[in-house]
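Structural features, examined
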Amino acid sequence: MREIETDYLVVGAGASGMAFVDALIAADANADVVIVDRRHRPGGHWLDAYPFVRLHQPSANYGVNQRVLGTDRIDDSGPNAGFYERATATEIISYFSDVLDAVLVPSGRVRFFGMCDYRGGPEEHRLVSRVSGEETAVRVRRRLVDATYLSSSIPSTHTPGFDIDPGVRVVPPNDLVNLSEAAAGYTVVGAGKTAMDTCNWLMDEGVAPDRIRWIRPRDAWVQDRTYLQPLELVGSYLQLQAHWVQAAAESSDGSGFAHRLEAAGVFARIDPGVEPDAYRGAILSTRELESLRRIENVVRLGRVNRIASDQVLLERGTVRSGAGQVFVDCTAAGTPTTATRPVFEADRITLQLVTIGFTPWSAATVGAVEGLREDDADKNRLCSPLTFSGRISDVLELSHVGMSGLSLRSAEPDLAAWNETSRLNPAGGAAAHLGEPRVLSALESLAANIGPAMSNLARLVGTTSEPPGSLV
Ligand SMILES: Cc1cc2nc3c(=O)[nH]c(=O)nc-3n(C[C@H](O)[C@H](O)[C@H](O)COP(=O)(O)OP(=O)(O)OC[C@H]3O[C@@H](n4cnc5c(N)ncnc54)[C@H](O)[C@@H]3O)c2cc1C
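The paragraphs below set out a description of the structure included in this document.

Every one of the 29 residues lining the ligand counts as a neighbour, but Ser16, Asp37, Gln57, Tyr62 and Ser152 are closest to it. Separating an oxygen atom of the ligand from a side-chain N or O atom of Asp37 is a distance of 2.7 Å. Residue Gln57 places a side-chain N or O atom 2.8 Å away from a nitrogen atom belonging to the ligand. Burial of the ligand by the protein chains amounts to 90% of its free accessible area of 1000 Å². At the level of elements, α1 (15-27), β4 (116-120) and α7 (359-372) are the ones that each hand at least two residues to the shell around the ligand.

This is the structure:
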């Protein structure tokens, strides 16, 4: 068996692993890294994404720190008009390949093992090629980095959790582009962003809303894309932060928090008559939201248990299957709800969210902290992990962890400087916009509310509050 040595063995070359490695080697000039992935190229789940997917957030803050994704263009036409561009899956895959080939490998400190499974445990680390079968033993001098902890489950590679009778046509959204003739109707199954994208894509392709039935087990709070704009439009993101912090100061539960943000125009729901209990950070434009509201045939009978030829059996009832229906499976979990564990442990790093959303920003933050700090207790203090449980009832706890981490890191000059200049930070560069009235009003609101918000959140989640710092 071949044997190699490295400082860090990173398992997973998705957005998390790539953003971590890029930030680590920039912060620690001596670190040597081996990345392993069972896929042939970096990019993770994007390699199997449905073809009409786009990033949910602007490309400007996605990817790795050292290389821009896209051209930081504000679209002037089409459905994304007025907003920063959002990359397609093809663009993201090409980008991560470029990062590997033009940034990481040329550093001379990063090696990539594609088409290899990581197998091993605390004592031994083995990479097994899925093509040749060759095994490589890896001696890890510093740490194993688990960049699979937040691996996304997506429709094209998951197995639906319901039974499908013979003859019923169930496809992942990926297969819609291969249809050769129109279906009598489309039943979209799932409540998340993939289902929202699929419904909107069908209508954009000319399918009338009354030919779409949407089996939506839960309703979710969504975020208005207007408030997630960086760079020249960073004032909008600062307003989101200001509204978020004010709501955190004034709310006693997640539902109250969501209603405050809805009143501010930051949160929205597809059906104003239904109280959502879900929140997974989905981002929609007003146009997308209004389009989804045109679908009136919404089935709210819980999850699907079985699709038979004549009926769909759900948790709380049945509906007719309908002849010639194409069922579109959008039930994959996306980002998993995992229990948090310390990010830094003696021989491993487990990449998790340390910011509220924005996976690459979180992974890069962990990479920078690993490169810039020595003591694990200090690193963990600066990088408390948070979980998106998918429930709005947990949003205040999530806010407490995310805001505390941001505040603690902002009190450390080197980390604050790293964050201010990081392209992955959606508030990066805000200091250059202090002349804008909405930036000033957002900063004033943040200054007034951050202390009360941290105290209120600490009281609600039963911990002591961190001294308020900057969230920008
Ligand atoms: C459609 C969609 C859109 C999204 N949009 C955004 C967005 O705009 N912004 C945002 O922040 N987040 C977004 N997300 C969340 C998403 O989870 C992250 O952006 C990110 O792409 C996840 O990257 P990851 O590296 O954590 O996981 P993955 O992309 O799943 O990568 C994990 C990798 O680990 C590899 N692997 C797993 N086990 C092993 C093993 N034993 N051996 C070898 N390799 C292994 C896998 O092959 C995979 O390549 C989106 C998610 C989806 C599904």
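Now that the structure has been shown, the text picks up again.
The strand order across the open sheet built from three strands is β12-β11-β13, with neighbouring strands paired in mixed fashion. Sheet topology places β12 (267-268) and β13 (278-284) at the edges, where each strand pairs with a single neighbour. When strand β11 (residues 220-224) meets β12, the two strands line up antiparallel, connected through two bridges. Bridge assignment links Val222 to a residue of β12, and that residue is Ala268.

A few words on the pairing of strand β5 (residues 125-129). It is a general feature of regular strands that their side chains alternate between the two faces of the sheet. Burial analysis of β5 places five of its five residues in the buried class, which makes it a mostly covered element. Of the two faces of β5, the one lined by His125, Leu127 and Ser129 and the one lined by Arg126 and Val128 are each fully buried. As defined by bridge partners, β4 adjoins β5 across five bridges and the pair is classed as antiparallel. Counterpart to Gly120 in the pairing with β5 is His125. Counted along the chain from β4 to the antiparallel partner β5, the turn is four residues long. Looking at chain direction, β5 and strand β6 (residues 135-146) are connected through three bridges and run antiparallel. Looking at β6, one finds that Val128 is bridged to Glu135. Adjacent in sequence and paired antiparallel, β5 and β6 are bridged by five residues, among which Gly133 carries a positive phi angle near 80°.

Following the criterion strictly, the structure yields 12 aromatic pairs and no others. Geometrically, the ring pair formed by Phe52 and Trp201 is stacked, given 4.6 Å between the ring centres and 10° between the ring planes. Separated by 149 residues along the polypeptide, Phe52 in the loop between β2 (33-36) and α2 (89-104) and Trp201 in helix α3 (residues 193-204) bring together distant segments of the chain. Between the aromatic rings of Trp244 and Phe267, the centroid separation amounts to 6.0 Å while the plane-to-plane angle is 80°, which identifies the pairing as edge-to-face. Highlighted residues: Trp244 in helix α4 (residues 234-250) and Phe267 in strand β12, separated in sequence by 23 residues. Overall, the relative accessible area of 8% leaves Trp244 in the buried class. In this structure an aromatic cluster arises from ring pairing among Trp221, Trp244, Phe257, Phe267, Tyr279 and Phe388. Cation over ring: Arg216 sits above Trp214, and NZ or CZ is 4.4 Å from the ring centre.

A word on the nonpolar core. By size, the foremost hydrophobic cluster in this structure holds 119 residues, and its most contacted members are Phe20, Ile35, Leu104, Trp244 and Phe267. With 10 residues, the single largest contributor to this core is α4.

Before going further, it helps to examine helix α5 (residues 254-263). Listing the buried residues of α5 in full gives Gly254, Gly256, Phe257, Ala258 and Leu261. Taken together, the buried residues of α5 touch β11, α4, β12 and α9 (395-410).

Residue placement: Asp7 occurs in strand β1 (residues 2-11). Asp7 gets classed as buried once you look at its relative accessible area, which sits at 6%. Looking at Asp7, its side chain comes within polar contact range of the side chain of Arg141, at 2.8 Å.

Here we take up unusual backbone geometry. A negative phi angle characterises most non-glycine residues, just as the trans form characterises most peptide bonds. Backbone geometry places Met115, a non-glycine residue, at a positive phi of 55°. You can see Met115 is positioned in the loop between β3 (110-113) and β4. Not every positive phi belongs to a glycine, and Phe358 is a case in point at roughly 60°. Within the fold, Phe358 resides in the loop between β20 (348-350) and α7. Classification of Phe358 as buried rests on a relative accessible area of 14%.

By the secondary structure assignment, Asp175 is in the loop between β8 (170-171) and β9 (185-189). Linking Asp175 and Ser156, residues 19 residues apart in sequence, is a C-alpha distance of 8.7 Å.

The next subject is the packing of α4 against α5. The geometry of α4 relative to α5 is characterised by a closest axis approach of 9 Å and an angle of 140° between their N-to-C directions. Classified by the angle their axes make, α4 and α5 are oblique. Judged by the sense of rotation from one axis to the other, the crossing of α4 with α5 is right-handed. Residues His243, Trp244, Ala247, Ala248 and Glu250 of α4 pack against Phe257, Arg260 and Leu261 of α5. The class makeup of the residues in the contact of α4 with α5 is five nonpolar, one polar and two charged.

Attention shifts here to the side chain of Asp165. Within the secondary structure, Asp165 sits in the loop between β7 (163-164) and β8. Within the local environment of Asp165, its side chain forms a polar contact with the side chain of Arg306, the two groups lying 2.8 Å apart. If sequence neighbours within four positions are ignored, Asp165 has contacts with Arg306, Ile307, Ala308 and Ser309.

Per the counting criterion, the structure on display carries 40 salt bridges. Between Arg143 and Glu370 there is a salt bridge, with the nearest N and O atoms lying 3.4 Å from each other. Pair noted here: Arg143 is in strand β6 and Glu370 is in helix α7, with a separation of 227 residues, a long-range link. The pair Arg143 / Glu370 is uniform in exposure class, with both members buried. A salt bridge links Arg373 to Glu412; its shortest N-O distance comes to 2.7 Å. Residue Arg373 is found in the loop between α7 and α8 (376-382), and its partner Glu412 is found in the loop between α9 and α10 (413-421); the two are separated by 39 residues along the sequence. A relative accessible area of 17% places Glu412 in the buried class. Ionic contacts of the salt-bridge type, sharing partners, join the residues Glu5, Asp7, Asp28, Arg139, Arg141 and Arg142 into one network.

What counts as what
- Residues numbered from 1 in each chain as written.
- Predicted model: local features only at pLDDT ≥ 70, side-chain atom pairs only at ≥ 80, totals over all residues.
- Heavy atoms only, no water.
- Near = heavy atom within 4 Å.
- Polar contact = N/O pair within 3.5 Å; in protein donor to acceptor, adjacent residues only side chain to side chain.
- Areas by Shrake-Rupley, 256 points an atom, 1.4 Å probe, with all protein chains shown as cover.
- Helix = DSSP H or I, 4+ residues; strand = E, 2+ residues; numbered from the N terminus.
- Pairing = 2+ DSSP bridges.
- Buried < 20%, exposed > 50% of the residue type's maximum accessible area, 1.4 Å probe, protein only.
- Phe/Tyr/Trp six-rings, centres within 6.5 Å; stacked < 30°, edge-to-face > 60°.
- Lys NZ or Arg CZ within 6 Å of the ring centre and 35° of its normal.
- Core = buried A, V, L, I, M, F, W, Y, C linked by side-chain atoms within 4.5 Å.
- Contact = heavy atoms within 4.5 Å.
- Axes fitted to C-alpha atoms, helices over the stretch in contact; angles between N-to-C directions.
- Parallel < 35°, antiparallel > 145°, perpendicular 65-115°, else oblique.
- Left-handed = near helix turned anticlockwise from the far one by under 90°.
- Nonpolar A, V, L, I, M, F, W, Y, C, P; charged D, E, K, R; others polar.
- Salt bridge = Lys/Arg side-chain N within 4 Å of Asp/Glu carboxyl O.

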